Amino acid sequence: MEILSYLLIPFQQPMLIVMCAVGVFAGIYVGAIPGLSATMAVSLLVSFTYGWDTYTALALMLGIFVGTVYGGSRSAILLNIPGAPSAVATALDGYPMAQKGKAGEAMGIATTQSVIGTVLGIIVLAFAAPVVSKFAVNFSSVDYLLLAVMGMMMVGSLNCKSIFRGLLAAAVGLLIGTVGMDSMTSVRRFTFGVSYLNSGVSFVVAMIGLFGVSEALIQITQMDISAVKQKIDKIVPSLRTILKYVPLTIRSSIVGVIVGALPGAGGDIAALLTYDQAKRTVKNPEVPFGEGAVEGLVAPESANNAAIGGAFIPMLTLGIPGDAVTAVLLGALEIHGLQPGPNLMTNTPDLFYLIVACLLLCSIFLVVFGLTGIKIFTKIVEIPKAILMPLIIILSVVGSFALRKSLFDIFWMLGFGILGYFMKKYEYPVAPTVLGIILCNLLENNYRRGITLQKTLGGLVGSIFTEPVALVLFLVIVVMFVTQTKTYKRWKAKRDAQKGIA
């Protein structure tokens, strides 16, 4: 009964309900603007809400967090500009759906899957926090290294017509990710004496340029093609449609929670992993992946929102943030005199269950605000290109500058835009480049930590076969590699053809 009383606190205080609603509403539209992230929004709120009541400040920040993660899907679907890194995978099939006049349907599916993923993540947070956090904290450097390698193996799933071109694009991303001051030795790499480059190249800036500006440049060269008229009669997916994808939703949400609980991973990696998983496991989709497959929306959108609940698990039970946003929230709680960690549920159980209840409340408002305003949003795609493309470039400039208030970020963004234009023109995928930048630190740092701990490269390789988690991840990588080979694909095609004849 005591737990129930804690869970009912937000529902009994009108101010907390209002703060959750305001946070989700603002978060959706902040998330839809490229460059404006949940981390930035929550960071600003920490100083703004310093003198507020703890519960009120927390409710607003949680609403912003939930709304922003979902909001990134809107610009990803409509403009092929992911509003947040976790929406990169959403753009791969969401934007092709919009080009076919199905933007309303795509946004409706993204909304429902985000809500389901959020709720499943909250359920795991409420009932399995200690277990999952113990599993996540036991991840060693070799486990993280293999997780990063698994991520790099996904290039074959990210709209790559040629695995060689996908790997080359990912290698470019890894190279860009090494620019800046080495996080372990503080040695400057590829900075050429430019102090701005000491902090490295932001993958958000790269994402805006490679997806947004490059798409604008492509569209400018096709001004004679008229805008696609959107069908907005179908927004809310039917119950039958939702139930059809329940198995994929649950699988993706489980991956999202686990990856979200890994410190330093987050929703962006979860979304990409589940997109790859969906592409490998879904047989005979109605539309091929990369051309508007509904499964290509279901998997990443349920995963990146489920990662929210996962990210709170190590933060609340161990005092270790699961991602950048929970790191800021950790600081906010400490400012308000609270100390997340092993004693949290003993000393302040009301705080734990308040967070769970506020997240549930936020998911309710996500349904309300997520399914409203879609008709207005879809009109963006129908704006004449002569007006829309300059607006996209201006929006990209604003988003890039807002990130770190640096003009250099604008120049980088434009440079990535030009690079993305030529990559698309010559049929090189841009998503693996962003993936390479995102995974670079995870890959490099954990490789070096593994070498340091095991003393030699042989010791690092040997540890893969002595640690259970590492061995499982290694076997998954082997399977991923085998299924991408031409021999396997020919055998699979031959087997499917024989089944069709039979």
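Scroll up to find the structure.
Reading guide: rules and limits
Residues numbered from 1 in each chain as written. Predicted model: local features only at pLDDT ≥ 70, side-chain atom pairs only at ≥ 80, totals over all residues. Heavy atoms only, no water. Helix = DSSP H or I, 4+ residues; strand = E, 2+ residues; numbered from the N terminus. Buried < 20%, exposed > 50% of the residue type's maximum accessible area, 1.4 Å probe, protein only. Contact = heavy atoms within 4.5 Å. Areas by Shrake-Rupley, 256 points an atom, 1.4 Å probe, with all protein chains shown as cover. Phe/Tyr/Trp six-rings, centres within 6.5 Å; stacked < 30°, edge-to-face > 60°. Patch = residues over 30% accessible without salt bridge, like charges linked within 9 Å, V, L, I, M, F, W, Y side chains within 5 Å. Salt bridge = Lys/Arg side-chain N within 4 Å of Asp/Glu carboxyl O. Polar contact = N/O pair within 3.5 Å; in protein donor to acceptor, adjacent residues only side chain to side chain. Axes fitted to C-alpha atoms, helices over the stretch in contact; angles between N-to-C directions. Parallel < 35°, antiparallel > 145°, perpendicular 65-115°, else oblique. Left-handed = near helix turned anticlockwise from the far one by under 90°. Nonpolar A, V, L, I, M, F, W, Y, C, P; charged D, E, K, R; others polar.

For the chain, the helix and strand inventory stands at 24 helices and two strands. Per-residue burial for the chain yields a buried fraction of 55% across its 502 residues. Sequence separation of at least 24 residues holds for 79% of the intrachain contacts in the chain that already meet a minimum separation of 6. Carbon and sulfur atoms make up 69% of the accessible area of the chain, which totals about 21,500 Å².

A separate point is the environment of A84. Structurally, the position occupied by A84 is in the loop between helix 5 (54-79) and helix 6 (88-99). Distance in space between the C-alpha atoms of A84 and V69 is 7.1 Å, their sequence separation being 15 residues. What A84 contacts, discounting residues up to four positions off in sequence, is G31, G72 and M207.

This next bit is on the packing of aromatic side chains. If you walk through the whole model with that rule in mind, you get 10 aromatic pairs. Taken together, the aromatic side chains of F25, Y29, F365 and F369 make up a single cluster linked through ring pairs.

With respect to the helices, strands and loops of the structure, Y196 is situated in the loop between strand 2 (188-189) and helix 10 (203-220). Ignoring any residue separated from it by four or fewer positions in sequence, one finds Y196 in contact with R404, S406, F408, D409 and W412.

A cluster of nonpolar side chains, L175, F190, F192, V194, F401, L407, F408, F411 and L414, forms an exposed patch at the surface whose accessible area comes to about 940 Å². With four residues, the single largest contributor to the nonpolar patch is helix 20 (residues 407-425). With respect to the helices, strands and loops of the structure, V194 is situated in the loop between strand 2 and helix 10. For V194, a relative accessible area of 33% corresponds to the partly exposed category.

Of note, N198 is situated in the loop between strand 2 and helix 10. Among the polar contacts listed, one links the side chain of N198 to the side chain of R188, at a separation of 3.2 Å. Setting aside anything within four residues of it in sequence, one finds N198 in contact with G180, M181, R188 and T191.

The contact between helix 5 and helix 17 (residues 349-370) brings their axes to 9 Å, and the two run at 40 degrees. When the interaxial angle is binned, helix 5 and helix 17 end up oblique. Relative to helix 17, the crossing made by helix 5 is right-handed. For the pair formed by helix 5 and helix 17, the contact residues are Y55, L58, A59, L62, G63, V66, Y70 and R74 on the first element and D350, L351, L354, I355, C358, L359, C362, L366, F369 and G370 on the second. In terms of residue class, the contact of helix 5 with helix 17 is made up of 14 nonpolar, two polar and two charged.

Without other data, these values stay purely geometric and don't point to any function.
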